[in-house]
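These are the residues of each chain, in order.
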Amino acid sequence: MVSTHAASTEEVRPIFGYVENVTLLPEDLTLAARIDSGATTASLYAVNIEQFEQEDETWVSFEVPAANGTLTAFTRKLVRVSRIKGRIEEGALGQIAPLNERPVIKIQICIGNQIHEIEMNLTNRQNLLYPVLIGRKALIKFAALIDPNVEFKQKLSCNEA
């Protein structure tokens, strides 16, 4: 199918590498994130996850490990609890993957020069290479394209005036 849009009317969209630095706001914690259009949602490596009630609402407190091992404390309102299919160990064909329940929060993140509020589920990503996973729903908010050949294509500039 041939596009009917003229090149001059096409919007300029940011190009993300398959790994980008993201900053979680307002805590100002910068982490490496895998950019994955095959994933629907975003995930954040969090530890010490605790749900609590405050003024008839459910909140979540958690800590996020930085690359140097320090922990940054966060508190956010619980949006919902998601049920995500777990991974089956290699060689376990025919088994049904277990469903993992994960708290989902809204958080502002910066990639490049854009800040958007996205939903992220909280999970233990300790055995994964990157502490953050950015999926399709977040990529749509950033209107981003992905170049799978590069890493860290965007320079973080959300704090620059």
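Residues numbered from 1 in each chain as written. Predicted model: local features only at pLDDT ≥ 70, side-chain atom pairs only at ≥ 80, totals over all residues. Heavy atoms only, no water.

Visitor: Requested: an account of the packing of aromatic side chains, with residues and values cited.
Guide: Enumeration over the complete set of coordinates arrives at two aromatic pairs. Arranged with centres 5.2 Å apart and planes meeting at 5°, the rings of phenylalanine 62 and phenylalanine 74 form a pair that is stacked. Of the two residues, phenylalanine 62 is situated in strand S5 (residues 57–65) and phenylalanine 74 in strand S6 (residues 71–85); the sequence distance between them amounts to twelve residues. Both residues of the pair, phenylalanine 62 and phenylalanine 74, count as buried. (Phe/Tyr/Trp six-rings, centres within 6.5 Å; stacked < 30°, edge-to-face > 60°. Helix = DSSP H or I, 4+ residues; strand = E, 2+ residues; numbered from the N terminus. Buried < 20%, exposed > 50% of the residue type's maximum accessible area, 1.4 Å probe, protein only.)

Visitor: Go over the confidence of the model for the protein chain, please, and point to the residues and values.
Guide: Put simply, the protein chain has an average pLDDT of 87, and 84% of its residues get 70 or more. Here residues 1–9 is modelled with pLDDT under 50, and outside its nearest four sequence neighbours on either side it reaches two contacts, counting other chains as well. (pLDDT = per-residue confidence, 0-100. Contact = heavy atoms within 4.5 Å.)

Visitor: I'd love a proper account of the side chain of glutamate 20, names of residues and values included.
Guide: In this structure, glutamate 20 sits in strand S1 (residues 15–25). Of the polar contacts made by the side chain of glutamate 20, one reaches the backbone nitrogen of glutamine 154; its length is 2.9 Å. Those residues in contact with glutamate 20 that sit more than four places away from it in its chain are Ile15, Leu31, Ala32, Ala33, Ile35, Ile111, Phe152, Lys153 and Gln154. (Polar contact = N/O pair within 3.5 Å; in protein donor to acceptor, adjacent residues only side chain to side chain.)

Visitor: Explain the environment of isoleucine 111 residue by residue, including any values.
Guide: Along the polypeptide, isoleucine 111 turns up in strand S7 (residues 99–111). For isoleucine 111, a relative accessible area of 1% translates into the label buried. Residue contacts for isoleucine 111: discarding those within four places in its chain leaves Phe16, Glu20, Asn21, Val22, Phe142, Gln154, Leu156 and Cys158.

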